[in-house]
Amino acid sequence: MATTYDRAAQHDLVYRRSEHPTTERLEAVLGALEGGDAVVYPSGMAAVLAVLRHLRPRRIALPRDVYHGTRKLVGSEAATGALSVTAPADLESGDVWWVETPSNPRCEITDIAAVARAAAERGVVVVVDSTFATPVLQQPLVLGAGLVLHSTTKFISGHSDAMGGVLVSGDGATADALRYRRMEDGATPGSLDVWLTLRGVRTLPLRVERQSQSAAEIAAWLAPRVPVVWHPSLPDHPGHAIAARQMRDFGGVLSFEVEGGEKAQSIVNRLRLFRTATSLGGVESLAEWRRSVNPAAPEGLIRLSVGLEAPVDLIADLGQALG
Ligand code: PLP
């Protein structure tokens, strides 16, 4: 927890904002999982801002479905004149092609290797927000992405008690530059958050495997009962074939749509085992009427983050809430 170190001890540690052994351990673990050099931040959004400030693109392309906080931050940056938002076809050298796969909240799937190939021809940098997949299910750097981003607040820490973000680069010089800038900016994560994240990541594969299996069971149960279910495990999901190729499993988040906001709210209110809360990736199952935090979400959309409870109990809870 220390913010300063005994200089007489003759080690290389000077001050918490520039050196911190627990942070370095977490970065070593996350870098190994993604196959690159990791730099951690106090939140996912701090990582989004850090990569934009580092790359300074003139243009950025965002996916149709993307975490609304990312869209808002890019909008704020665009309002300062720093960059403009454009279609992928208009990107030029030095610009950024932002990918979020699976996307929040509709689990849309982007073919990372295809995007990486198209971007490489034009010198465009591909940044993949892989928060929903985690390094357990996909490795974007191997598929050709320039940088990977996670909100470690979600699956990686996994217990809804630590905030964090990470950028992983295949190139050590980029990671060094990010780390230097972080020391200047002061965007270093807190000691307790990195410690909790390091503890949480130890069970990451077990949690993600179970959460993915349960989410697929729930998606299959919901499919004949509600108008729309968004989970790439379903054979009629538009991204199913790509997800089956680029991911090891389909992930622990799904969304479904019912007829209108009132009905969606009343279903969420009737759920007992799923807690009504935002965020995702923790050991407890959460349900959220997405319109309550994102005005652009479809009116009847409910997002489920599937935890570690027995799927039979989760399905029974949904059964009584749907009526
Ligand atoms: N990216 C995705 C896909 C997210 O779902 C979130 C948060 O919900 C973020 C980034 C932002 O992360 P944080 O809340 O840790 O700042």
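Residues numbered from 1 in each chain as written. Predicted model: local features only at pLDDT ≥ 70, side-chain atom pairs only at ≥ 80, totals over all residues. Heavy atoms only, no water.

## Side note on helix 7 (residues 191-201)
Within helix 7 the residues assigned to the buried category are Ser191, Val194, Leu196, Thr197, Leu198, Gly200 and Val201. In this structure, the buried residues of helix 7 make contact with helix 1 (21-34), strand 1 (37-41) and helix 8 (204-222). (Buried < 20%, exposed > 50% of the residue type's maximum accessible area, 1.4 Å probe, protein only. Helix = DSSP H or I, 4+ residues; strand = E, 2+ residues; numbered from the N terminus. Contact = heavy atoms within 4.5 Å.)

## As for helix 4 (residues 112-122)
Every buried residue of helix 4 is accounted for by Ile112, Val115, Ala116 and Ala119. Within helix 4, the buried residues cover an arc of 100° as seen down the axis, which keeps them to one side. Residues Arg117 and Glu121 are exposed on helix 4 and point more than 90 degrees away from its buried face. Against strand 4 (96-100), strand 5 (125-129) and helix 9 (240-246) lie the buried residues of helix 4. Note on helix 4: the residue one or two positions beyond its end, glycine 123, has a positive phi of about 70°. (Arc of directions from axis to C-beta.)

## Focus on the environment of valine 148
Along the chain, valine 148 turns up in strand 6 (residues 147-151). Judged by relative accessible area, which is 0%, valine 148 ranks as buried. With 27 residues separating them along the chain, valine 148 and alanine 175 place their C-alpha atoms 12 Å apart. Once residues within four sequence positions are removed from consideration, valine 148 is found in contact with Glu34, Val128, Ser130, Pro140, Leu141, Val166, Leu167 and Val168.

## Remarks on the pairing of strand 5
For strand 5, the tally of buried residues reaches 4 of 5 residues, placing the bulk of the element in the interior. Note: strand 4 against strand 5, 5 bridges, orientation parallel. Following the sheet pairing, valine 99 is matched in strand 5 by valine 128. For the crossover that starts at strand 4, traverses helix 4 and ends in the parallel strand 5, the hand is right-handed. Judged from the 3 bridges that link them, strand 5 and strand 6 form a sheet pairing that is parallel. Looking at strand 6, one finds that aspartate 129 is bridged to leucine 149. (Pairing = 2+ DSSP bridges. Right-handed = clockwise from strand over helix to strand, strands pointing away.)

## What to know about the packing of aromatic side chains
Tallied over the full model, the rule gives 0 aromatic pairs. Positioned over the ring face of tryptophan 230 is arginine 106, at 5.9 Å from the centre of the ring. (Phe/Tyr/Trp six-rings, centres within 6.5 Å; stacked < 30°, edge-to-face > 60°. Lys NZ or Arg CZ within 6 Å of the ring centre and 35° of its normal.)

## Focus on a nonpolar patch on the surface
Among the surface-exposed residues, Met1, Leu192 and Trp195 lie close enough to one another that they form a single nonpolar patch of about 380 Å² accessible area. Position of tryptophan 195 among the secondary structure elements: in helix 7. (Patch = residues over 30% accessible without salt bridge, like charges linked within 9 Å, V, L, I, M, F, W, Y side chains within 5 Å. Areas by Shrake-Rupley, 256 points an atom, 1.4 Å probe, with all protein chains shown as cover. Salt bridge = Lys/Arg side-chain N within 4 Å of Asp/Glu carboxyl O.)

## Notes on unusual backbone geometry
Cis peptide bonds are those with omega within 30 degrees of zero, and the linkage from threonine 101 to proline 102 qualifies with -10°. Tracing the backbone shows proline 102 in the loop between strand 4 and helix 4. Here the amide bond leading from asparagine 104 into proline 105 is cis, since omega sits at 10°, within 30 degrees of zero. Tracing the backbone shows proline 105 in the loop between strand 4 and helix 4. Unlike most non-glycine residues, threonine 134 shows phi in positive territory, near 65°. Here threonine 134 lies in helix 5 (residues 134-137).

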